[in-house]
Amino acid sequence: MVNKIAAGEVVERPASVLKELLENALDAGATRIEVEAISGGRRLIAVTDDGVGMNRDQALLSVERHATSKIREVDDIEHIHTLGFRGEALAALASVSRFSITSCPRGEETGTEVAISAGKLRDVREVGVPPGTRVEVRNLFHNVPARRKFLRTDQTELSHVRQMFLVHALAHPEVAMRLVVDEREVYQLAGEATLEDRLRELFGRGTMDGLRRVDYRDVEVSVTGYAGLPRTSRGDRSEQYVFVNGRPAGAPIIGNAIREAYQTLIPKGRHPVLFLFIDTDPAQVDVNVHPTKKEVRFRRAREVRDSVLAALRDALETSGPAATSVAPLAEGPVTRPEEARLKITDLPELEPFPYPRMAPPGAEAPLPAGPADDAAVPAPDQPSHAVGKGPWGWCRILGQAGGLYVILETSDGVVLMDPHAAHERVNFERFMRQILDRKVKSQGLLAPETVDLSPQDALAVRRNMDLLGEMGFGVSDFGGDSFIVDALPACLGNSSSETVLGSVAASLERAGPRGGTEHWAEEQIARAACKASVKANDSLKTEEIEQLIVDLAAAEMPYTCPHGRPTMILMSYSELERKFGRA
Ligand code: ADP
Ligand code: MG
């Protein structure tokens, strides 16, 4: 009875059976694991491993409630190195299924088979089996009709089973893993693989294009894996895989850190693709939060949060377009891809320019006129901070589509850029940098302008006069709901003071109650101001577009505007090949 009740917590569906059995196989040091499922796992979940195995006594003991070989004293629970430790799973499974465990210790000839049905021992016998352990769970919940009713269709249960397999396959690329469903092989994954191998095998060859490597190591915490570029974000969290000390698990603070890292990169309601491995001293992690061990707690939550945030920022800030291809800056004359397979002979002459061909941002050098010449390529001995940072080795502007989007051909693929979003990003970062350095440049207007605001907006502006002043706004109170604007932050160019002040006021209201920290308000103002400023900028020369590309490449977060919309969309050549069926 007690076991059945415990089963209620641990075993919810066939996928939870698989989870417990996989954990046991991994804890047993398996290098090869085979999983079989029949009818979505209701009729059978079987896991066979080549781990340490058990002798007769151990096998009999393993199905007893609270029998575990993984902890000896209660203090051991403070530093758990294994996936299991509660000693509940096998006892629980055996109480709600037709269960058998067959095991043979390494180096022995004969093993033991223990058969149990609905918690009653049916048979114990010697069998000749290879070293390792095989557990079969048949007819799950055959004796618990209430539970059985909650199982979904075979298809649904199977999708959970596959997901469970996949999660463990990601966490353990070193282990060879095979999945057989209804007697057909679904996965056959080689052992001693890398995470990258596994990602390709499980998600398709193109996956790596959308991922950046995460590699952050601190004394206390290391965060590794892959983070999805903003353009690969999804409407749900189904492709977020987080592992804590090798255990698939989440914690609220990790979710928060992820949200914060991507906050300005992807729109609200979208979620990044993530494969994150957080490793820390087991003594710092409490895994005993819930019987299913899905959630953990960190003793030093802040440090973990900071590490995850820093790891993601590092990964996303290096502005190459993809994890696998960061093109070095082209030196010398630019060459097109060798294997061009078609040449259009009468295209308008537009040379690709080595990238970037302009002086690094900040130097504010004049634009070179005319198309690229060799002199514009930075000499090899010149300190060129842009090397390896630019998104592409070279690029050229092909034209414009839809009256807005700029089309670029680059060394890595075809890029569509939204110049408004790009401008916003560039302006925003420039503005924020000035604010943080306390060096905002203010530019006086030719003639002061009177701006009338709504009563609410007026109140917000009036409350924040000092802050606005520090941020380069020259605003004075004209009484009522009117203000006189005689200066704007210089980086906003010649935008209309009415639009800028209006949108700044609106976001000040939002900033106020939300923590009210000065930094938050500054960021809000900067975002709103930049949004308002780009609207005014409606025509661009090719040279200005080039400058924009260079500026964008130097941005910390080049792929999205400060509101999370993409600034550019890259179609890599490999993606095009796939789409055209050439791969
Ligand atoms: P826990 O994993 O929490 O210890 P379980 O009920 O899952 O509890 O397993 C009980 C014990 O049975 C384990 O501690 C382990 O000693 C043994 N055991 C279970 N599965 C295997 C296996 N695949 N190989 C070797 N030993 C196993
Ligand atoms: Mg276990």
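## Focus: the side chain of R425
Now for step 1: Along the polypeptide, R425 turns up in helix α10 (residues 419-436).
Now for step 2: Of the residues examined, R425 reaches a relative accessible area of 2% and is grouped as buried.
Now for step 3: For R425, the side chain forms a polar contact with the main-chain oxygen of T560, separated by 2.6 Å.
Now for step 4: The contact partners of R425, leaving out residues within four places of it in the chain, are T264, L265, L552, A555, M557, P558, T560, C561, P562 and T567.

## What to know about the site of ligand 1
Now for step 1: Every one of the 17 residues lining ligand 1 counts as a neighbour, but N24, T68, S69, K70 and G87 are closest to it.
Now for step 2: At 3.2 Å from an oxygen atom of ligand 1 is found a main-chain nitrogen or oxygen belonging to A89.
Now for step 3: Within the backbone of L90, a nitrogen or oxygen atom sits 2.9 Å from an oxygen atom of ligand 1.
Now for step 4: Each residue belonging to the shell around ligand 1 can be placed in one class, and the counts come to six nonpolar, seven polar and four charged.

## Some remarks on the sheet that holds strand β4 (residues 110-117)
Now for step 1: Taken in spatial order, the eight strands line up as β5-β4-β3-β6-β2-β1-β7-β8 in an open sheet, and their pairing is mixed. If you trace the sheet from one side to the other, it starts and ends with β5 (120-128) and β8 (184-189), each paired once. On average, each strand axis in the sheet is inclined to that of its neighbour by 10°, with strand direction left out of account.
Now for step 2: Here strand β3 (residues 98-104) pairs with strand β6 (residues 132-138) via seven bridges, running antiparallel. Considered in β6, the bridge of R98 is made with R138.
Now for step 3: In this fold helix α6 (residues 154-171) packs onto β1 (32-38), β2 (44-49), β7 (176-181) and β8, with an angle of close to 175° to the strand it touches most, β7.

## Here we look at the packing of α6 against helix α7 (residues 195-203)
Now for step 1: It is the contact of α6 with α7, at a shortest axis distance of 9 Å, that shows an interaxial angle of 155°. Taken together, the axis directions place α6 and α7 in an arrangement best described as roughly antiparallel. Seen from α6, the contacting residues are L166, A169 and L170; seen from α7, they are L195, R198, L199, L202 and F203.
Now for step 2: Looking at the contact of α6 with α7 residue by residue, the classes come out as seven nonpolar, no polar and one charged.

## Quick look at the sheet that holds strand β12 (residues 247-248)
Now for step 1: As summarised here, the arrangement of the five strands in space is β9-β10-β13-β11-β12, forming an open sheet in which the pairing is mixed. The open sheet terminates on both sides in strands that have one partner only, identified here as β9 (211-217) and β12.
Now for step 2: Pairing of β9 with strand β10 (residues 221-228) involves seven bridges; the strand directions are antiparallel. In the strand pairing of β10, R213 is matched with Y226.
Now for step 3: Relative to the sheet, helix α8 (residues 252-262) contacts β10, β11 (240-244) and β13 (274-280), its axis offset from that of β11 by approximately 130°.

## Overview of the pattern of salt bridges
Now for step 1: Under the criterion given, the structure shown has 25 salt bridges.
Now for step 2: A salt bridge links D215 to R217; the shortest N-O distance between them is 2.9 Å.
Now for step 3: For D215, a relative accessible area of 48% translates into the label partly exposed.
Now for step 4: E409 is paired through a salt bridge with R396; the nearest N and O atoms lie 2.6 Å apart. Remark: R396 occurs in strand β17 (residues 394-401) and E409 occurs in strand β18 (residues 405-410); sequence separation between them is 13 residues. The same class applies to E409 as to R396, namely buried.
Now for step 5: Salt bridges sharing common partners tie together E36, R134, E136 and R138.

## Thoughts on empty space enclosed by the protein
Now for step 1: Under the definition given, this model contains three cavities of 30 Å³ or more.
Now for step 2: Lining the second largest cavity are E220, V221, T280, Q284, F298, R300, E303 and V304.
Now for step 3: Looking at the lining of the second largest cavity, its residues break down into three nonpolar, two polar and three charged.

## Focus on helix α1 (residues 2-10)
Now for step 1: Looking at α1, one finds that the buried residues are A6, A7 and V10. End-on view of α1: buried residues confined to an arc of 110°, all on one side of the axis.
Now for step 2: Those residues of α1 hidden inside the fold are in contact with α2 (14-27) and α4 (89-95).

## Let's talk about a nonpolar patch on the surface
Now for step 1: Taken together, Y405, L416 and I569 make up a surface patch of nonpolar side chains, about 250 Å² in accessible area.
Now for step 2: Among the structural elements, I569 can be located in strand β23 (residues 568-572).

## Observations regarding the pairing of β1
Now for step 1: Where β1 and β7 come together, six bridges link them in parallel fashion. Looking at the pairing, R32 lines up with A176 of β7.
Now for step 2: When β1 meets β2, the two strands line up antiparallel, connected through six bridges. Paired with I33 across the bridge in β2 is D49.
Now for step 3: Adjacent in sequence and paired antiparallel, β1 and β2 are bridged by five residues, among which S39 carries a positive phi angle near 50°.

How each quantity is defined
- Residues numbered from 1 in each chain as written.
- Chains lettered and ligands numbered in written order.
- Predicted model: local features only at pLDDT ≥ 70, side-chain atom pairs only at ≥ 80, totals over all residues.
- Heavy atoms only, no water.
- Helix = DSSP H or I, 4+ residues; strand = E, 2+ residues; numbered from the N terminus.
- Buried < 20%, exposed > 50% of the residue type's maximum accessible area, 1.4 Å probe, protein only.
- Polar contact = N/O pair within 3.5 Å; in protein donor to acceptor, adjacent residues only side chain to side chain.
- Contact = heavy atoms within 4.5 Å.
- Near = heavy atom within 4 Å.
- Nonpolar A, V, L, I, M, F, W, Y, C, P; charged D, E, K, R; others polar.
- Pairing = 2+ DSSP bridges.
- Axes fitted to C-alpha atoms, helices over the stretch in contact; angles between N-to-C directions.
- Parallel < 35°, antiparallel > 145°, perpendicular 65-115°, else oblique.
- Salt bridge = Lys/Arg side-chain N within 4 Å of Asp/Glu carboxyl O.
- 1 Å grid on protein atoms, 1.4 Å probe; cavity = no way out; pocket = protein on both sides within 12 Å on 5 of 7 lines; lining within 4 Å.
- Points joined across faces, edges and corners; volume = space filled by probe spheres on them.
- Arc of directions from axis to C-beta.
- Patch = residues over 30% accessible without salt bridge, like charges linked within 9 Å, V, L, I, M, F, W, Y side chains within 5 Å.
- Areas by Shrake-Rupley, 256 points an atom, 1.4 Å probe, with all protein chains shown as cover.

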